[in-house]
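Given next are the chains, with one letter for each unit.
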Amino acid sequence: MMIHRYWRILLVAPVIGFLLGAGVFGVIALGGNPYTRTGQSAGGVVSAILAYGAVGLVVSGAALIGGFVLVGCLDRHLTKSSGTRTVLAALGAAGGVLTMGIVLVIVSETMRNGGWSYLLVIISLVVATVAGSVAAILVYRAERRERTRPGRVAHPLPSAWEDF
């Protein structure tokens, strides 16, 4: 039932994640050092966009998993209100991204890369906020589509199977 209702989110979320990741590179490139921008070649820009887009894909995957797990665990048969499912999906997406961030901090500390942990935590909080907001918007739109979809209309002619 969940897949039937949210299959569009499964298709759109990775694309949005990639585009948001590439957008982060654009913000960094536009707001960064102008001497760095002049030294970049077209190949370097494309590889950086692909790298940031790949990070966006990973983040969207963590958000999808977190959102689906929380909604699946707490509202298995989709009996709660659509607002509750929207909040659950947003919290699950943010939780999935925060869990990924915590894993990155633990790995970073294990590899003795101390000094960058606080930065990873701050970035994880910001990215989790964005992921939760995007998840809430996507689930709200899916729930609204489900409410406004017309119901099944019975065919006016009798079925051959009913007469049999």
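In the block above lies the structure referred to throughout.
Residues numbered from 1 in each chain as written. Predicted model: local features only at pLDDT ≥ 70, side-chain atom pairs only at ≥ 80, totals over all residues. Heavy atoms only, no water.

Visitor: How would you summarise the nonpolar core if you had to cite specific residues and measurements?
Guide: Within soluble globular proteins, side chains that are nonpolar tend to cluster in buried spots. In terms of nonpolar packing, the biggest core is built from 13 residues, with Met 2, Tyr 6, Ile 9 and Val 71 touching the most fellow members. Of all the secondary-structure elements, those providing two or more residues to this core are helix H1 (2–31), helix H3 (42–74), helix H4 (82–110) and helix H5 (117–148). The element contributing the most residues to this core is H1, with four residues. For Met 2, the contacting residues outside a window of four places in its chain are Phe 68, Val 71, Gly 72 and Leu 78. The next biggest cluster of nonpolar side chains, apart from the first, holds eight residues, and it includes Ala 93, Ala 94, Val 97 and Ala 128. (Core = buried A, V, L, I, M, F, W, Y, C linked by side-chain atoms within 4.5 Å. Buried < 20%, exposed > 50% of the residue type's maximum accessible area, 1.4 Å probe, protein only. Helix = DSSP H or I, 4+ residues; strand = E, 2+ residues; numbered from the N terminus. Contact = heavy atoms within 4.5 Å.)

Visitor: Run through H4, naming residues and quoting values.
Guide: With 29 residues, H4 should reach 42 Å at 1.5 Å per residue; the first-to-last C-alpha distance of 42 Å fits that figure. Just beyond H4, the residue with positive phi is Arg 112, at close to 60 degrees. (Expected span 1.5 Å × (residues − 1).)

Visitor: Describe in detail the environment of Val 127, supporting the description with residues and values.
Guide: Within the secondary structure layout, Val 127 lies in helix H5. Between the C-alpha atom of Val 127 and that of Gly 56, which follows or precedes it by 71 residues, the distance is 9.6 Å. Here Val 127 is in contact with Val 59 and Val 97, once residues within four sequence places are set aside.

Visitor: Lay out a positive patch on the surface in plain terms, naming residues and giving numbers.
Guide: Together, Arg 8, Arg 141, Arg 144, Arg 145 and Arg 147 make up a positively charged patch on the protein surface. At four residues, H5 tops the list of elements feeding residues into the positive patch. Following the sequence through the fold, Arg 8 ends up in helix H1. (Patch = residues over 30% accessible without salt bridge, like charges linked within 9 Å, V, L, I, M, F, W, Y side chains within 5 Å. Areas by Shrake-Rupley, 256 points an atom, 1.4 Å probe, with all protein chains shown as cover. Salt bridge = Lys/Arg side-chain N within 4 Å of Asp/Glu carboxyl O. Lys, Arg positive; Asp, Glu negative; His and termini not counted. Charge placed at Lys NZ, Arg CZ, Asp CG, Glu CD.)

Visitor: With reference to specific residues and values, describe unusual backbone geometry.
Guide: Backbone geometry places Leu 78, a non-glycine residue, at a positive phi of 55 degrees. Along the chain, Leu 78 falls in the loop between H3 and H4. Assessed through its relative accessible area of 10%, Leu 78 is described here as buried.

Visitor: Residue-level account of the pattern of salt bridges, with values.
Guide: Where charged atoms from two side chains of opposite charge come close, those side chains can pair. Scanning the model with the defined rule gives three salt bridges in all. Here Glu 143 and Arg 5 are joined by a salt bridge, their closest N and O atoms 3.2 Å apart. Within this pair, whereas Glu 143 is found in helix H5, its partner Arg 5 is found in helix H1, the two being separated by 138 residues in sequence. Given the relative accessible area of 2%, Glu 143 is considered buried. Across the pair Arg 85 and Asp 75 runs a salt bridge, and its minimum N-O distance is 3.2 Å. Separated by ten residues along the polypeptide, Arg 85 in helix H4 and Asp 75 in the loop between H3 and H4 bring together distant segments of the chain.

Visitor: Requested: an account of a nonpolar patch on the surface, with residues and values cited.
Guide: The grouping of Leu 20, Trp 116, Tyr 118, Leu 119, Ile 122, Ile 123, Val 126 and Val 130 at the surface amounts to a nonpolar patch, some 770 Å² of accessible area in total. On the secondary structure map, Val 126 appears in helix H5.

Visitor: Just give me the short version of the packing of H4 against H5, but keep the residues and values in it.
Guide: Closest axis-to-axis distance for the H4/H5 pair is 7 Å, and the angle between their directions is 155 degrees. Comparing the axis directions of H4 and H5 gives the class roughly antiparallel. Read as a crossing pair, H4 and H5 show a hand that is right-handed. Per-class residue counts for the contact of H4 with H5 are 18 nonpolar, seven polar and four charged. (Axes fitted to C-alpha atoms, helices over the stretch in contact; angles between N-to-C directions. Parallel < 35°, antiparallel > 145°, perpendicular 65-115°, else oblique. Left-handed = near helix turned anticlockwise from the far one by under 90°. Nonpolar A, V, L, I, M, F, W, Y, C, P; charged D, E, K, R; others polar.)

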